[in-house]
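Observations on the three-dimensional arrangement
The chain contents come next:
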Amino acid sequence: MQHSRRSVLPPRRYQDEQNSSGTAKSNKQINGSYFTLTLWTFISIAMIVIGAISIEYCPIQPNIPIYLIVAGSTTLLGFLLLPLRLVSETLSYIIEGILGLFTFCWFITGSVWVFSVFSVSPRPCNLGAYNFAFGILIFQYAFLLLCILALICGCCFGYMVLFSNSTQTNTEQTQGQNVFTIQNTV
C-alpha cells in the first residue's frame, strides 16, 4: 500500500506570487541601501585619507584638505549614528538635524574654498586633492539639483492631480445642474 504525502508547503504558484509582490522588492531596496552606504563609506574614508596626505601641499588654500577631512568625518559620523534610531528615535533625529545643518554649512564653506582657486593657473595645490574635492562638490551639486527637480516635478504632478480632480468635480456638478434645469423646463 502506497501512502501519499501532502506537502506542508504552499503550492509553488502561491510562493511565486508572494515573492514577486513584496519580498523581492524589499530585498532590492535593502541591497541598494547597503550599496549606497558602502559606497559613501569608502568615499568618506578616501576624503579623510586624501585630505590628511595633502594637508601640507596646498599653500594657495590650505583649507581644502581640511574641508576633505571634516566632510569625510561628518559623513562617517552620520553613518555611525544610524543605530541610534533603535535606541532613541527622537534623540537620533535631533542629532541628525544638527549634523545635517553643519554638513550643509560645511558644504557651502568648502565650495567657497575650492571654487575660489579654480581660475588660478598653475594651481599650487596637490592636484589629486584639489580634483577630488572639486569632483565631490560637483557631484553633490548635481545630486542637489536632481532633488530640487524631483521636488518641483512632484509638486507639479500633485497640482495637476488636484486640479484635474477639482475640474472633474466641477464638470460633474455643472452637468447635474444642467440636467436639473432641463427637467424643470420640460
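Residues numbered from 1 in each chain as written. Predicted model: local features only at pLDDT ≥ 70, side-chain atom pairs only at ≥ 80, totals over all residues. Heavy atoms only, no water.

Concerning the overall build of the protein chain
Scanning the protein chain from terminus to terminus reveals five helices and zero strands. Counted from the first residue to the last, the protein chain has its helices and strands arranged as α-α-α-α-α. Taken over 186 residues, the protein chain has a buried fraction of 17%. Long-range contacts, defined as pairs at least 24 residues apart, comprise 63% of the intrachain contacts of the protein chain with a sequence gap of at least 6. Carbon and sulfur atoms make up 68% of the accessible area of the protein chain, which amounts to about 13900 Å² in all. (Helix = DSSP H or I, 4+ residues; strand = E, 2+ residues; numbered from the N terminus. Buried < 20%, exposed > 50% of the residue type's maximum accessible area, 1.4 Å probe, protein only. Contact = heavy atoms within 4.5 Å. Areas by Shrake-Rupley, 256 points an atom, 1.4 Å probe, with all protein chains shown as cover.)

Focus on the packing of aromatic side chains
Going through the model one piece at a time under the given rule, you end up with 10 aromatic pairs. Judged by centre distance (5.9 Å) and plane angle (15 degrees), the rings of Phe102 and Trp106 are stacked. Here Phe102 pairs with Trp106, and both are found in helix H4 (residues 89-116), just four residues apart, close to one helical turn. Taking relative accessible area as the criterion, Trp106 reaches 15% and is therefore assigned buried. Each ring, one from Phe115 and one from Tyr141, has its centre 6.2 Å from the other, and the planes form 40 degrees; the classification is tilted. Of the two residues, Phe115 is situated in helix H4 and Tyr141 in helix H5 (residues 127-185); the sequence distance between them amounts to 26 residues. Linked through ring pairs, Phe107, Phe115, Phe118, Tyr130, Phe134 and Tyr141 together constitute an aromatic cluster. (Phe/Tyr/Trp six-rings, centres within 6.5 Å; stacked < 30°, edge-to-face > 60°.)

Remarks on the nonpolar core
Membership of the largest hydrophobic core comes to 17 residues, with the highest contact counts inside it found for Ile64, Tyr67, Leu68, Val114, Tyr130 and Ala133. If you tally residues by element for this core, the top one is H5, at five residues. Excluding anything up to four places from it in sequence, Tyr67 contacts Trp106, Phe107, Gly110, Trp113, Ala133, Ile136, Leu137 and Gln140. (Core = buried A, V, L, I, M, F, W, Y, C linked by side-chain atoms within 4.5 Å.)

Notes on the layout of surface pockets
The space that makes up the largest pocket amounts to roughly 840 Å³. Lining the largest pocket are 24 residues, with Trp40, Thr75, Thr103, Gln140 and Phe143 positioned closest to its centre. Counting residues per element, the ones that place at least two in the lining of the largest pocket are helix H1 (12-53), helix H2 (63-80), H4 and H5. Among the elements that make up the lining of the largest pocket, the one with the highest residue count is H4 (seven residues). Among the residues forming the lining of the largest pocket, the class breakdown is 16 nonpolar, six polar and two charged. (1 Å grid on protein atoms, 1.4 Å probe; cavity = no way out; pocket = protein on both sides within 12 Å on 5 of 7 lines; lining within 4 Å. Points joined across faces, edges and corners; volume = space filled by probe spheres on them. Nonpolar A, V, L, I, M, F, W, Y, C, P; charged D, E, K, R; others polar.)

Considerations on the pattern of salt bridges
Inspection of every chain in the model, using the stated rule, returns one salt bridge. Of the charged contacts in the structure, one is a salt bridge between Arg85 and Glu96, with a shortest N-O distance of 2.9 Å. Residue Arg85 is located in helix H3 (residues 84-87), and its partner Glu96 is located in helix H4; the two are separated by 11 residues in the primary sequence. According to the relative accessible area criterion, Glu96 is partly exposed, its value standing at 22%. (Salt bridge = Lys/Arg side-chain N within 4 Å of Asp/Glu carboxyl O.)

What to know about the confidence of the model for the protein chain
Here the protein chain averages 81 in pLDDT, and 74% of its residues register 70 or above. The element-level mean pLDDT for the protein chain is lowest in H1, coming to 73, with H2 highest at 95. (pLDDT = per-residue confidence, 0-100.)

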